[in-house]
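The chain contents come next:
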Amino acid sequence: MRSLFSLFPLLFFLFTFHGATGNKLIRNTCKLISNDTPNVKYEFCKTSLEGAWDEDYYPSLATLGSVTLELVMKNVTNTKSYIEDLKDDTSEPNLNACLSDCLELYSNTISDLEEVLDDYKSRKNQEASEGTNAVLTSLTICEDGFKDRGLASPLMERNNDAFQLSTIAVNILKMLS
């Protein structure tokens, strides 16, 4: 029994170090990306990735890429559901038209992201990067639809979050290539 207790400090150190290494990787990666990409805010990057990071993950850039792509998928899927709810509650024709366009874009984006995740798992980082860039285009088109009709976008914050997460993913994919 005594030997088990004597191992506890060592195990505690290893698990703490492993988690600390993951956090350091996140901070350093977010710092690089936010310095090179004005669209990505350091705090957003750090908070998002730390919130999704599991201390059981092996601290590597490849794992961070996977975590980021999963965050993009989760964000886009949640936003699609949010758009469906907004559409149900909206009777204004111009707003409804914009929401319909965005709903279609987000539906297509989910399909694109499924391919991106498959490409990433197959280590096809160039294809995954191109697919993630298509996500950025869809988000921009969605926002532009509101601007073109002179409407305030009810999706601006959500689109901005998805845009930043996608930009983070593209940057990580570039680092891995």
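Description of the structure in this document. Given the structure is predicted, the values throughout are model-derived calculations rather than measurements.

The rules behind the values
Residues numbered from 1 in each chain as written. Predicted model: local features only at pLDDT ≥ 70, side-chain atom pairs only at ≥ 80, totals over all residues. Heavy atoms only, no water. Core = buried A, V, L, I, M, F, W, Y, C linked by side-chain atoms within 4.5 Å. Buried < 20%, exposed > 50% of the residue type's maximum accessible area, 1.4 Å probe, protein only. Helix = DSSP H or I, 4+ residues; strand = E, 2+ residues; numbered from the N terminus. Contact = heavy atoms within 4.5 Å. Salt bridge = Lys/Arg side-chain N within 4 Å of Asp/Glu carboxyl O. Disulfide = S-S within 2.5 Å.

## Examining the nonpolar core
Nonpolar side chains in soluble globular proteins generally cluster together in the buried interior.
Reasoning step 1: Ranked by size, the top nonpolar core spans 40 residues in total, and within it Leu49 and Ile168 carry the most contacts.
Reasoning step 2: Within the residue set of this core, elements represented by two or more residues are α1 (2–36), α2 (42–52), α3 (61–89), α4 (93–121), α5 (125–148) and α6 (156–176).
Reasoning step 3: Per-element tally for this core: the top contributor is α4, with 11 residues.
Reasoning step 4: Contact partners of Ile168, with chain neighbours within four places excluded, come to Ile33, Val40, Phe44, Cys45, Leu49 and Thr68.

## Remarks on the pattern of salt bridges
Reasoning step 1: With the rule as written, the count across this model stands at 3 salt bridges.
Reasoning step 2: In this structure, Glu50 engages Lys46 in a salt bridge whose closest nitrogen and oxygen atoms are separated by 3.5 Å. Note that Glu50 and Lys46 are positioned in helix α2 at a spacing of 4 residues, about one turn of the helix.
Reasoning step 3: Overall, the relative accessible area of 27% leaves Glu50 in the partly exposed class.
Reasoning step 4: Lys80 is the salt-bridge partner of Glu84, the closest N and O atoms lying 3.2 Å from each other.

## Observations regarding the state of the cysteines
Reasoning step 1: Taken as a whole and judged by the stated rule, the model has 2 disulfides.
Reasoning step 2: One disulfide in the model links Cys30 with Cys45; its S-S distance is 2.0 Å. In this structure the cystine formed by Cys30 and Cys45 twists about its S-S bond by roughly -75°; its chirality is therefore left-handed. Taken together, the residues Cys30 in helix α1 and Cys45 in helix α2 connect sequence positions 15 residues apart.
Reasoning step 3: Taking only the cysteines that form disulfides and numbering them from first to last, the chain has the pattern 1-2, 3-4.
Reasoning step 4: Cys102 supplies the cysteine sulfur nearest to Cys98, a cysteine that is in no disulfide, at a spacing of 6.6 Å.
Reasoning step 5: On the basis of relative accessible area, Cys98 is assigned to the buried category, the value being 2%.

## Some thoughts on the side chain of Thr68
Reasoning step 1: Along the chain, Thr68 turns up in helix α3.
Reasoning step 2: The residues contacting Thr68, other than those within four sequence positions of it, are Leu49, Leu165, Ile168, Ala169 and Ile172.

## A word on the environment of Asn160
Reasoning step 1: Within the element layout of this structure, Asn160 appears in helix α6.
Reasoning step 2: Under the relative-accessibility criterion, Asn160 is labelled partly exposed at 38%.
Reasoning step 3: For the pair Asn160 and Leu136, spaced 24 residues apart in sequence, the C-alpha to C-alpha distance is 10.0 Å.

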